[in-house]
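Below, each chain spelled out in residue letters.
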There are 2 protein chains.
Amino acid sequence: MNEASLLARVPASRRGLVLGIGDDAAIYRPKADEDLTFTTDLFIENVHFRARGPGAISAEQAGYRAMARSLSDAAAMGARPRFCLVSLSLAPWTTVRWFDGFYRGLLGLADRYGCTLAGGDLSHTPQVVCDVMVCGSVPKGKALRRDGARVGDVLYVSGSLGGWRHRPMPVPRLDVARKILGRATAAMDVSDGLALDLHRMCLASGVAARLDVTPPVLRGATLEEALHAGEDYELLYTAPKGVRMPGHRLGTIEKGPPGRITLLGKPLSPHGYDHFESRARS
Amino acid sequence: MNEASLLARVPASRRGLVLGIGDDAAIYRPKADEDLTFTTDLFIENVHFRARGPGAISAEQAGYRAMARSLSDAAAMGARPRFCLVSLSLAPWTTVRWFDGFYRGLLGLADRYGCTLAGGDLSHTPQVVCDVMVCGSVPKGKALRRDGARVGDVLYVSGSLGGWRHRPMPVPRLDVARKILGRATAAMDVSDGLALDLHRMCLASGVAARLDVTPPVLRGATLEEALHAGEDYELLYTAPKGVRMPGHRLGTIEKGPPGRITLLGKPLSPHGYDHFESRARS
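Residues numbered from 1 in each chain as written. Chains lettered and ligands numbered in written order. Predicted model: local features only at pLDDT ≥ 70, side-chain atom pairs only at ≥ 80, totals over all residues. Heavy atoms only, no water.

Draft legend 1. Structural detail: the packing of aromatic side chains. Inspection of the entire model under this criterion finds 17 aromatic pairs over all chains. Seen from their ring centres, B:Y28 and B:F83 are 5.3 Å apart, and the 40 degrees between their planes marks the pair as tilted. Linking B:Y28 in strand β2 (residues 26–28) with B:F83 in strand β4 (residues 80–90), this pair joins segments that are 55 residues apart in sequence. In this pair, the class of B:Y28 matches that of B:F83, namely buried. Following the ring pairs from residue to residue traces out a cluster consisting of A:Y28, A:F38, A:F83, B:Y28, B:F38 and B:F83. When the ring centre of A:W164 is taken as origin, the NZ or CZ atom of A:R65, which lies over that ring, is 4.3 Å away. (Phe/Tyr/Trp six-rings, centres within 6.5 Å; stacked < 30°, edge-to-face > 60°. Helix = DSSP H or I, 4+ residues; strand = E, 2+ residues; numbered from the N terminus. Buried < 20%, exposed > 50% of the residue type's maximum accessible area, 1.4 Å probe, protein only. Lys NZ or Arg CZ within 6 Å of the ring centre and 35° of its normal.)

Draft legend 2. Region of interest: the domain arrangement of chain A. Residues and elements named next belong to chain A. On domain assignment, one finds that chain A holds domain 1 (3–139) and domain 2 (154–267). Each of domain 1 and domain 2 has a C-alpha centre, and these two points are 26 Å apart. Here domain 1 meets domain 2 over a buried area of about 1,500 Å², counting both sides, of which 64% is carbon and sulfur. For the pair domain 1 and domain 2, the interface holds two salt bridges. Note that R69 and E231 form a salt bridge whose closest N and O atoms lie 3.5 Å from each other. Across the contact surface, domain 1 and domain 2 share four residue pairs in polar contact (both at pLDDT 80 or more). Elements with a minimum of two residues in the side of domain 1 that touches domain 2: α2 (59–76) and β6 (129–139). In terms of residues, the side of domain 1 that touches domain 2 owes the most to one element, α2, which gives 11 residues. (Domains from an automatic or database assignment. Buried area = accessible area lost by both parts, 1.4 Å probe. Salt bridge = Lys/Arg side-chain N within 4 Å of Asp/Glu carboxyl O. Polar contact = N/O pair within 3.5 Å; in protein donor to acceptor, adjacent residues only side chain to side chain.)

Draft legend 3. The arrangement of the environment of A:K179 in detail. Within the element layout of this structure, A:K179 appears in helix α4 (residues 174–180). When its relative accessible area of 48% is taken as the criterion, A:K179 is described as partly exposed.

Draft legend 4. Molecular detail of helix α2 (residues 59–76) of chain B. All names here are of chain B. An ideal rise of 1.5 Å per residue puts 26 Å on 18 residues; α2 measures up with 26 Å between its terminal C-alpha atoms. In terms of residue burial, α2 counts as a mostly covered element, since 16 of its 18 residues are buried. Note on α2: the residue one or two positions beyond its end, G78, has a positive phi of about 75 degrees. (Expected span 1.5 Å × (residues − 1).)

Draft legend 5. Focus on the sheet that holds strand β3 (residues 34–44) of chain B. Strand order in the open sheet formed by six strands is β1(A)-β2(A)-β3(B)-β6(B)-β4(B)-β5(B), and the pairing between neighbours is mixed. Of all the strands in the sheet, just β1 (17–19) of chain A together with β5 (116–124) of chain B have a single pairing partner and so form its edges. Strand-to-strand twist in this sheet, taken as the mean axis angle between neighbours without regard to direction, amounts to 20 degrees. Bridging between β3(B) and strand β6 (residues 129–139) of chain B involves 11 bridges; their strand directions are antiparallel. Bridge pairing links B:E34 to B:P139 in β6(B). Lying over the sheet, helix α3 (residues 96–112) of chain B contacts β4, β5 and β6 of chain B, oriented at roughly 160 degrees with respect to β4(B). (Pairing = 2+ DSSP bridges. Axes fitted to C-alpha atoms, helices over the stretch in contact; angles between N-to-C directions. Contact = heavy atoms within 4.5 Å.)

Draft legend 6. View of the interface of chain A and chain B. Taken together, the 64 residues of chain A in the interface contact 64 residues of chain B. Both faces combined, the contact of chain A with chain B buries some 5,200 Å², and carbon together with sulfur accounts for 59% of it. Linking chain A with chain B are six salt bridges, by the criterion used here. B:D24 serves as the salt-bridge partner of A:R146, at 3.1 Å between the closest nitrogen and oxygen. Connecting chain A to chain B are 16 residue pairs in polar contact (both at pLDDT 80 or more). If one sorts the elements of the side of chain A that touches chain B by residue count, strand β3 (residues 34–44) of chain A sits on top with 10 residues. Here the residues of the side of chain A that touches chain B sort into 30 nonpolar, 15 polar and 19 charged. Both strand β2 (residues 26–28) of chain A and β3(B) contribute to a ladder of three bridges, which runs antiparallel. Paired with A:Y28 across the bridge in β3(B) is B:L36. (Nonpolar A, V, L, I, M, F, W, Y, C, P; charged D, E, K, R; others polar.)

Draft legend 7. Fine view of the side chain of B:D192. Structurally, the position occupied by B:D192 is in the loop between β8 (186–189) and α5 (194–205). In this structure the side chain of B:D192 is engaged in a polar contact, spanning 2.7 Å, whose partner is the side chain of B:R200.

Draft legend 8. Main features of a positive patch on the surface. Judged by side-chain charge, A:K31, A:R80, A:R178 and A:K179 come together as a positively charged surface patch. In this structure, A:K31 sits in the loop between β2 and β3. (Patch = residues over 30% accessible without salt bridge, like charges linked within 9 Å, V, L, I, M, F, W, Y side chains within 5 Å. Areas by Shrake-Rupley, 256 points an atom, 1.4 Å probe, with all protein chains shown as cover. Lys, Arg positive; Asp, Glu negative; His and termini not counted. Charge placed at Lys NZ, Arg CZ, Asp CG, Glu CD.)

Given below as structure tokens:
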């Protein structure tokens, strides 16, 4: 099949867009008083997922997870997803059935959050490569950044951690994002493990953090996985003491060398899941 | 090297952005009365370019061409580039020197048109895969679409054609885009050959086209290449008779079966360069 006939199989949708798929570019008309957030995430066979052999996931699951990665980044900014661009490079082993299943998983999740497919590109490589760009909108000046944590703030996580092995279809926390928007001082998603991501938030904010409790752990996962495994997609956020917030209270932001984290009084190493250093994992 | 240390090598730039690289997403604050255009294009080793062996291009040329593809799509909409997201998957053979050269070529071209690097992703694959998303802005309602050609309009091309083999560093026609904005009825870029792209414009507009002259041909290229080769990045556009336009006059938009094209009175087959059907063609 050629590109046009493959793309014809993808359901059309134009909600919120002046112009969707089919021209040189999509056109979006911004609303007054909105900031737009932009994120893009690669999802690659044999790096982020396996499509064949042991540990293989289905085409639908692959599409779901490719979209979940980018939606989670929108959630981490407190943004409401608006539209996405999806570049997909197919491998020689992929079939039309796999292609359809992949888009079904991807668009099913996108649709749930009002994220319209506005365009993309299609090509071929020895293994499947997908790049998903999500544009979200947030009231002007209200985006949740990772550099806003202040000394004395309380630190929260939105749910249990342990890595994608224990939750293959993680839900992007757009519901939590809506609740904490306007109240949180900083937020990010846990994509490379709590220890590494909290370290990054502290570095960006120029603060240290003290974890007074161990984080909630996914059923079947270890504390080690909850601290250092990747792709949880729970949100990590801070708010001033006294502000009522959803989620699990983990500890406090404190003065100290930027990026330093302690867990129950002991230093916590900021190692985590760096996709680039971990070819062998997953 | 890990992802953080590789990304630290990419020059930072924030022009026009509330927040650039380093958070979960970039933040862009739209201006009143602007529409935003969005396009993304894959640029893949052994599909769109060769990095080693016969026909190899340099790292800088590869970066340049990866960016040129998406900037050309912005030009085709009449848009001014604002920012880009770059996802790059490196191959085992790539070196830090290649990485630096690639970004030098890519950002050098982006900078020339005020297109700020706002984010992206980094991973690894057996061959280099790059996906470049460009956001452009255009006055509200003024974007140049491909569905606006009307019977009686004159058809133009911005320059000589013949395919990338004869012009390895094509210039995205953002200068022409500025001149025809507000005057052209339809526009697109010639990325898959004049015959196929004009066919697409005619299909989108529900019209036919008559080429009264052969298109201008690049030095060293054949007429066949000018009609059917890919990645020219010249603009193809229409305007009502009597409106002064830059470029070469090719013919007229006429009534007829949508998509039909004639050249000097004979039917012109809309075959072109479909990346998906042409694995063998570099």
